[in-house]
Amino acid sequence: MLALQDIINLLDRKFDFLMASKQEDFMLDLANFIEFLLEHDQIKDFTMKIYYKFTEEQKKYEEIQEKEKNQIITLADKIRKKYPEIDDSDKQYPGHPTLDYMRSFAAFDDIVNKKRVKSFPVEPDMMDDDSDPHELLCIICAKIENYEEKDKNGEKIRTMDEDIILEYFHLNDERTYNFREWLNSCRVSAGNALVALYETVSKINPEPKKYKSLQDRDIQLNSFEEKKSIHFDSWIEGAAYGVDSDNLIFKSRGPNSDNTFEKLRYRTKRIYDAVREEIGSQLLHKQILNNYKTRSIWYNFEELWNLVTDSKGKFTNKREQSLTLNLAKFLFDNGVPVIYRLKAGQHEMDMVDPSAKSPLLIEVKVYKDSSSKKEIIAGVAQLHSYLNNLSATRDINEGYYVVYRLGGPIYDLPEKIVTNQFTIYTILIDLGKSQESGSKQKKPIIISENEIIEGFKN
């Protein structure tokens, strides 16, 4: 397995090669680079961490939109109840999205019931909000404006209830704020760039589709999704091969070609920097923990044994607490502040820095005999549970499981355990006495990753 520094060097070489690629080969080299990030054994875990961060943010934004929708529906119900004369929920769809229909309560209900008429702007603007909450608010705005009447001098002689109008303004301001927060996040998100580039390279040479019949082929080729793809993605084939699907010269070969490839390079660099930062962050943490491991075994052995034994040489009941505190002090002295035994609801985490945006989470386990296998596996599951709880409020997707051996067999854990969302790294600090080494050392007991994952279920 490559060392972390070797992984960084490999990533650098791949990125430099892509950035130096000729324009006619760039799309294919980009596809190879994305494949490298997603499939290379030593790189893909770091890449997927970036992807999962983005999907979690996306999920939170969807939850915000769902909450907004419910509030807007409540407001619409108030308007319909108080002003039944403007309730046009029974308006029939004319067969195409007219402005009159799209500003009716019938269209409002279509959106709520997910029967929204599909459309897309031919020239989209970054600031355009096409979310369901925004469209619902546009309909309510139209209802408020249409209800109002003015005299010849422009003075209002009929207007809706002030509380309803204030509630609309409040919801509209919230929608603008939430949309811009999400937009700003996407603009600088490496995860969003990764998704966008993956979708781009997957359309360079897509696999041929299979159709059930000629009718099915005709339906799919004339579907909304296909028309949208043709409009927005036709440039990809041209950028890769120099011609588009109609065998015409790539439109962006002219004044816009440099801008097209510049955007692709910009997104690629954003992903590269994020992956490199993830590797560097782990390299830093792992180096510090490995230094602690070396210090404990080679230079601090007697001191640690004095922490875990009493005057008669017997193990104390607070051996795990003592070693955890010792590790916490070492991390603090090396610039990684942690809080020891942090309470979080019903859980008590061994070590975590609560002030950090991406906190370092460590679970400590100490064992002294051959009856500790289930307890060690349970410790990994416990750390996974802590990660899951913290991820709701923090940018965290990895943890460290530090196991101290005082006696008994060596439990050989996987170097890392990868789940759908998290990566757990294991470090064994062997403090066993010399009488249990050499020919007297018991055979190691191997604990597989599958065995640990199965322990999560239990």
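A few points on the structure. Sequence positions are assigned chain by chain, starting from 1 and proceeding in written order. Selection of residues for local features in this predicted model requires a pLDDT of at least 70, selection of side-chain atom pairs for listing and counting requires 80 or more, and totals for whole chains, interfaces and linings are taken over all residues. The side-chain numbers reported here are obtained from all heavy atoms of the structure, hydrogens and water having been left aside.

On a plain count of helices and strands, the protein chain comes out with 15 helices and 10 strands. Buried, partly exposed and exposed residues are distinguished by accessible area as a fraction of the type maximum, computed with a 1.4 Å probe on protein chains only: under 20%, between the cut-offs, and over 50%, respectively. Burial status across the protein chain gives 40% buried among its 458 residues. The contact criterion used is simple: two residues touch if any of their non-hydrogen atoms lie within 4.5 Å. Sequence-distant contacts, at least 24 apart, represent 71% of the contacts inside the protein chain between residues at least 6 apart. Surface summary for the protein chain: the accessible area is close to 26700 Å², and the carbon and sulfur share equals 49%. Strands are runs of DSSP state E lasting at least 2 residues, helices are runs of H or I lasting at least 4, and numbering of each runs from the N terminus. For accessible areas, the Shrake-Rupley method is used with a probe of radius 1.4 Å. Any residue's cover is judged against the shown protein chains and nothing else.

Of note, Lys-114 is a non-glycine position whose phi angle comes to about 60°, a positive value. Inspection of the secondary structure assignment puts Lys-114 in the loop between helix H5 (105–112) and helix H6 (132–147).

This part covers the state of the cysteines. Here, two cysteine sulfur atoms that lie within 2.5 Å of each other are counted as a disulfide. In this structure the tally under the stated criterion is 0 disulfides. In this structure Cys-138 is not part of a disulfide, and its nearest cysteine sulfur, from Cys-141, lies 6.9 Å away. We classify Cys-138 as partly exposed; its relative accessible area is 22%.

Examined against the element boundaries, Ile-79 turns out to sit in helix H3 (residues 44–82). Here Ile-79 falls in the buried class, since its relative accessible area comes to 0%. C-alpha separation for the pair Ile-79 and Ile-164, spaced 85 residues apart in sequence, amounts to 7.6 Å.

In this section: a nonpolar patch on the surface. Taken together, the side chains of Ile-297, Trp-298 and Tyr-299 present a nonpolar region at the surface, about 430 Å² in accessible area. Within the element layout of this structure, Trp-298 appears in helix H11 (residues 257–299). For patch detection, residues must exceed 30% relative accessible area and be free of salt bridges, and they are connected within 9 Å for like charges or within 5 Å for nonpolar side chains (Val, Leu, Ile, Met, Phe, Trp, Tyr). Throughout this description, the term salt bridge denotes a Lys or Arg side-chain nitrogen within 4 Å of a carboxyl oxygen of Asp or Glu.

Inspection of the secondary structure assignment puts Lys-209 in the loop between helix H8 (190–201) and helix H9 (214–221). Between the C-alpha atom of Lys-209 and that of Gln-220, which follows or precedes it by 11 residues, the distance is 9.8 Å. Here Lys-209 is in contact with Gln-220 and Glu-226, once residues within four sequence places are set aside.

Right, let's get into the pattern of salt bridges. Applying the stated rule across the entire model yields 20 salt bridges. With a shortest N-O distance of 3.8 Å, Asp-132 and Lys-69 are connected by a salt bridge. Residue Asp-132 is located in helix H6, and its partner Lys-69 is located in helix H3; the two are separated by 63 residues in the primary sequence. The closest approach of N and O atoms between Asp-430 and Arg-405, which form a salt bridge, is 2.5 Å.

Let us now look at the side chain of Lys-365. One can find Lys-365 in strand E5 (residues 361–367). We treat Lys and Arg as the positive residues and Asp and Glu as the negative residues; His and chain ends play no part in the count. No salt bridge forms around the buried Lys-365; measuring N to O, its nearest opposite-charge neighbour Glu-375 is 4.4 Å away. If near-sequence neighbours (up to four positions away) are discounted, Lys-365 is found in contact with Glu-320, Glu-375, Ile-376, Gly-379, Gln-382, Tyr-401, Val-402, Val-403 and Tyr-404.

Put simply, helix H14 (residues 373–390) and helix H15 (residues 449–457) touch, their axes get as near as 9 Å, and they point 70° apart. As judged from the angle between their axes, H14 and H15 are roughly perpendicular. As H14 packs across H15, the resulting crossing turns out to be right-handed. When H14 is examined against H15, the residues Lys-373, Ile-377, Val-380, Ala-381 and His-384 are found in contact with a partner set consisting of Glu-451, Ile-452, Gly-455 and Phe-456. Its residues assigned to classes, the contact of H14 with H15 shows 5 nonpolar, 2 polar and 2 charged. Lines fitted to C-alpha atoms define the axes here, with helix axes fitted over just the stretch in contact, and angles between the N-to-C directions of these axes take values from 0 to 180 degrees. Here the angle decides the label: under 35 degrees means roughly parallel, over 145 means roughly antiparallel, 65 to 115 means roughly perpendicular, and every other value means oblique. Here a crossing is called left-handed whenever its near helix is offset anticlockwise from the far helix by less than a right angle, and right-handed whenever the offset is clockwise. Under the scheme applied, nonpolar residues are Ala, Val, Leu, Ile, Met, Phe, Trp, Tyr, Cys and Pro; charged residues are Asp, Glu, Lys and Arg; polar residues are all the others, including Gly.

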